[in-house]
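# Architecture and fold: a report
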Amino acid sequence: MAQSSLAPSGASHLSADDFSALIGAANVISDAEALSARAADWTGWSEAAPALLLKPADTEGVGKCLALCTERGQKVVVQGGLTGLAGGASCRKDEIALSLEKLAGVEAVDPLAATMVVKAGTTLEAAQQAALEHDLELGIDLGARGSCTIGGVIGTNAGGIRVIGTGMTRVHVLGLEAVLADGTVLTDMNDMVKNNSGYDLKQLFIGTEGTLGVVTRAVLRLSPHRPAVATALVALSGPDDITTALAAARRSLGPSLSAFEAMWSDFLTYMTAHAGFDLPLEAVPPMSVIIETRGHDEAAENARLEAFLAEGLEAGWVTDAVIATSVDQARRIWAPRDEGPAMYRQIFGGVINFDVSVPIGLIVETAAAINEEIGAGWPDVVRLTYGHIGDANLHFVVGFKTKPDAATKTAVDEIVYEAVGEVGGAVSAEHGIGQLKKAYLPLSRSDAAIDLMRRLKATLDPAGILNPGRVV
């Protein structure tokens, strides 16, 4: 359902007055228009607008709200920046929404320890900028940096465009504060890299999509800022050369390699022809890749990148390349990947997004098989293929002239997820399982693993109020 057509479910077990007494009337939203705007994440899918929207201003307020919801059996959907693609933050009937947007701000940056204490409602971009003010950098970056929040990034263990160099979000979280379903506040704000003092409880809340608790604050690990960035758009002779290019980039560029973004010809052709993005190359190649390095010496980074490209040109797997000579040119190179996904709803009547992982050696043949099967079933759809190939992450976009019906979506989902499952891949790479991938989780996880997930959920949230119907 589209957000604009949704009305509050009106089935909340609790009233606005109940929550106003806990967190103040100004922090309890019941306006229909405001509620409709909180119905869905980037998928655009939801069952209903939330019956109420809660905006507690502190951790204590989150605890009071959740304690009351557990006591009364009121279901809650936890929302960050609503930039997810798995329906995890999209509302179901009878749910109220809990937003942490008022728990925003960077509390402290410790340059000596290279750590940051940040509230969960802070946007990723704001956290990045705060680190830069101390000549440090946060090694997490997503195209949705201006909208996604730290709580959501942690809850989904988000990846993004720099995972090949810096790792998933989990690597950057040293400690956190979380509120359990019964209102208990767990404060585990560890700021040390080495701390093996018992169970690492923060892992219960990283990548578990708010089903086990609500993250309210976190200690993030930072690193020295690398101001020298070299960016190139590289044309390859064909898709089969992508693994050759990746191996060569890792060998030649070493730890400087910070991004390796592959774009099949279908993606780059459509983005330049229909979405208005520039093409710095003479023609759209069969396969292209954005390569970025980061370091402390601009001349050294450019020299490294040039040497890598010379190797590829001599070997024949590089056919053309453009190295950015300015920040603006680098932005234009990145624009189709960075800004393109936000435009899908504008350029398609309906769209199905896929975020999966496939073993790197099988990516090209798996992508080809999936695209062929979808094309055979729906010849008129647009298929776009790209991904963070260095971390085995593959994205498919299937664009329709009109919104696909439920049967079509299910059929397309099954083609993609079954193909991924057959090669031992993951049905979710970086956006989580949410609601939309729940049926396909057994393709990537064993029965024993799923059973343990359910037991953890039952232990920490016995009333089942936190993000019910998500993940397991």
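### Looking at the sheet that holds strand β1 (residues 28-29)
- Strands sit in the order β1-β2-β4-β3 across an open sheet of four strands; the sheet is mixed. Edge positions in the sheet fall to β1 and β3 (75-79), since each of these pairs with one other strand and no more.
- Sheet topology note: the β3/strand β4 (residues 95-99) ladder contains five bridges and is parallel. For K75, the partnering residue across the bridge sits in β4 and is E95.
- The sheet strands contacting helix α3 (residues 59-72) are β2 (53-54), β3 and β4, and the helix crosses β4 at an angle near 165°.

### Remarks on the sheet that holds strand β8 (residues 173-179)
- The antiparallel open sheet is built from five strands, whose spatial order is β5-β6-β10-β8-β9. Edge positions in the sheet fall to β5 (106-110) and β9 (185-188), since each of these pairs with one other strand and no more. Looking at each pair of strands side by side, their axes are set apart by 10° on average, direction ignored.
- Across the sheet, helix α4 (residues 124-132) lies against β5 and β6 (115-119), angled at about 35° from β5, the strand it touches most.

### Side note on the side chain of E430
- Here E430 lies in the loop between α13 (406-422) and α14 (447-460).
- Despite its burial, E430 pairs with no opposite charge; the closest candidate is R337, at 6.1 Å N-O.
- There is a polar contact of 3.0 Å between the side chain of E430 and the side chain of H388.
- Beyond its immediate chain neighbours, meaning those up to four positions away, E430 contacts T156, A158, G159, G160, M168, D355, H388, N393 and H395.

### Comments concerning the pairing of strand β12 (residues 228-236)
- In terms of residue burial, β12 counts as a mostly covered element, since eight of its nine residues are buried.
- Here β12 runs beside strand β14 (residues 287-295); their pairing, made up of nine bridges, is antiparallel. Each bridged residue has a counterpart across the sheet, and for L236 the counterpart in β14 is M287.

### Topic: the pattern of salt bridges
- Per the counting criterion, the structure on display carries 23 salt bridges.
- Here R217 makes a salt bridge to E107, at a shortest N to O gap of 3.0 Å. One end of the pair, R217, is in strand β10 (residues 214-221); the other, E107, is in strand β5, with 110 residues separating them in the sequence.
- Its relative accessible area of 38% is what places E107 among the partly exposed residues.
- Among the ionic pairs, E292 bridges to R294, the shortest N-O distance being 3.0 Å. Like E292, the residue R294 is buried in the burial classification.
- Beyond isolated ion pairs, a larger network of salt bridges with shared partners links D278, D328, R331, R332 and E339.

### Brief notes about the confidence of the model for the chain
- On average, residues of the chain score 94 in pLDDT, and 97% of them are at 70 or above.
- pLDDT under 50 marks residues 1-7. Its contacts with residues more than four places away, or in other chains, come to 23 contacts.

### Here's the deal with α3
- Its 14 residues give α3 an end-to-end C-alpha distance of 20 Å, which sits within 8% of 20 Å, the value for a rise of 1.5 Å per residue.
- What α3 keeps buried is the set T59, G61, V62, G63, C65, L66, L68 and C69.

### Description of unusual backbone geometry
- The residue A114 is not glycine, and still its phi comes out positive at about 55°.
- Within the fold, A114 resides in the loop between β5 and β6.
- Located in the positive-phi region is N467, a residue other than glycine, with phi close to 45°.
- As for its placement among the helices and strands, N467 is situated in the segment after α14.
- Classification of N467 as buried rests on a relative accessible area of 3%.

### Comments concerning the nonpolar core
- In this structure, L236, I242, F260, I291, F308, L394 and V416 are the most contacted members of the largest nonpolar core, which totals 49 residues.
- The contacts of F260, once residues within four sequence positions are left out, are I164, I242, A245, L246, A249, V289, I290, I291, G387, H388, I389 and G390.
- Counting residues in each nonpolar core, the second largest holds 30 residues, with V118, A127, I154 and A178 among its members.

### Looking at the packing of aromatic side chains
- Counted by the stated rule, this structure contains six aromatic pairs.
- Residues Y270 and F348 carry aromatic rings whose centres are separated by 5.3 Å and whose planes lie at 20° to one another, so their mutual orientation is stacked. Linking Y270 in helix α8 (residues 265-274) with F348 in the loop between α11 (344-347) and β16 (350-357), this pair joins segments that are 78 residues apart in sequence.
- For Y270, a relative accessible area of 15% translates into the label buried.

### Section: the environment of P404
- By the secondary structure assignment, P404 is in the loop between β18 (393-400) and α13.
- Taking relative accessible area as the criterion, P404 reaches 17% and is therefore assigned buried.
- The sequence separation of P404 and V351 amounts to 53 residues, and the corresponding C-alpha distance is 7.7 Å.
- Sequence-distant contacts of P404, defined by excluding residues within four places in its chain, comprise G350, V351 and I352.

### Observations regarding the state of the cysteines
- Under the criterion given, the structure shown has zero disulfides.
- As a non-bridged cysteine, C69 has C65 as the owner of its nearest cysteine sulfur, 6.6 Å distant.
- Judged by its relative accessible area of 1%, C69 is buried.

### Digging into the packing of helix α1 (residues 16-23) against α3
- It is at 9 Å that the axes of α1 and α3 come closest, and there the two elements cross at 145°. When the axes of α1 and α3 are compared, the crossing they make is right-handed. Contacts between α1 and α3 involve D18, F19, L22 and I23 on the former and, on the latter, G61, K64, C65, L68 and C69.
- Its residues placed into classes, the contact of α1 with α3 shows six nonpolar, one polar and two charged.

### As for the environment of A178
- Note that A178 resides in strand β8.
- Along the sequence, A178 and L204 sit 26 residues apart, while their C-alpha atoms lie 9.8 Å from each other.
- When sequence neighbours within four positions are dropped, the list of residues in contact with A178 reads T184, V185, L186, F205, V214, V215 and T216.

Criteria and cut-off values
- Residues numbered from 1 in each chain as written.
- Predicted model: local features only at pLDDT ≥ 70, side-chain atom pairs only at ≥ 80, totals over all residues.
- Heavy atoms only, no water.
- Pairing = 2+ DSSP bridges.
- Helix = DSSP H or I, 4+ residues; strand = E, 2+ residues; numbered from the N terminus.
- Contact = heavy atoms within 4.5 Å.
- Axes fitted to C-alpha atoms, helices over the stretch in contact; angles between N-to-C directions.
- Buried < 20%, exposed > 50% of the residue type's maximum accessible area, 1.4 Å probe, protein only.
- Lys, Arg positive; Asp, Glu negative; His and termini not counted.
- Salt bridge = Lys/Arg side-chain N within 4 Å of Asp/Glu carboxyl O.
- Polar contact = N/O pair within 3.5 Å; in protein donor to acceptor, adjacent residues only side chain to side chain.
- pLDDT = per-residue confidence, 0-100.
- Expected span 1.5 Å × (residues − 1).
- Core = buried A, V, L, I, M, F, W, Y, C linked by side-chain atoms within 4.5 Å.
- Phe/Tyr/Trp six-rings, centres within 6.5 Å; stacked < 30°, edge-to-face > 60°.
- Disulfide = S-S within 2.5 Å.
- Left-handed = near helix turned anticlockwise from the far one by under 90°.
- Nonpolar A, V, L, I, M, F, W, Y, C, P; charged D, E, K, R; others polar.

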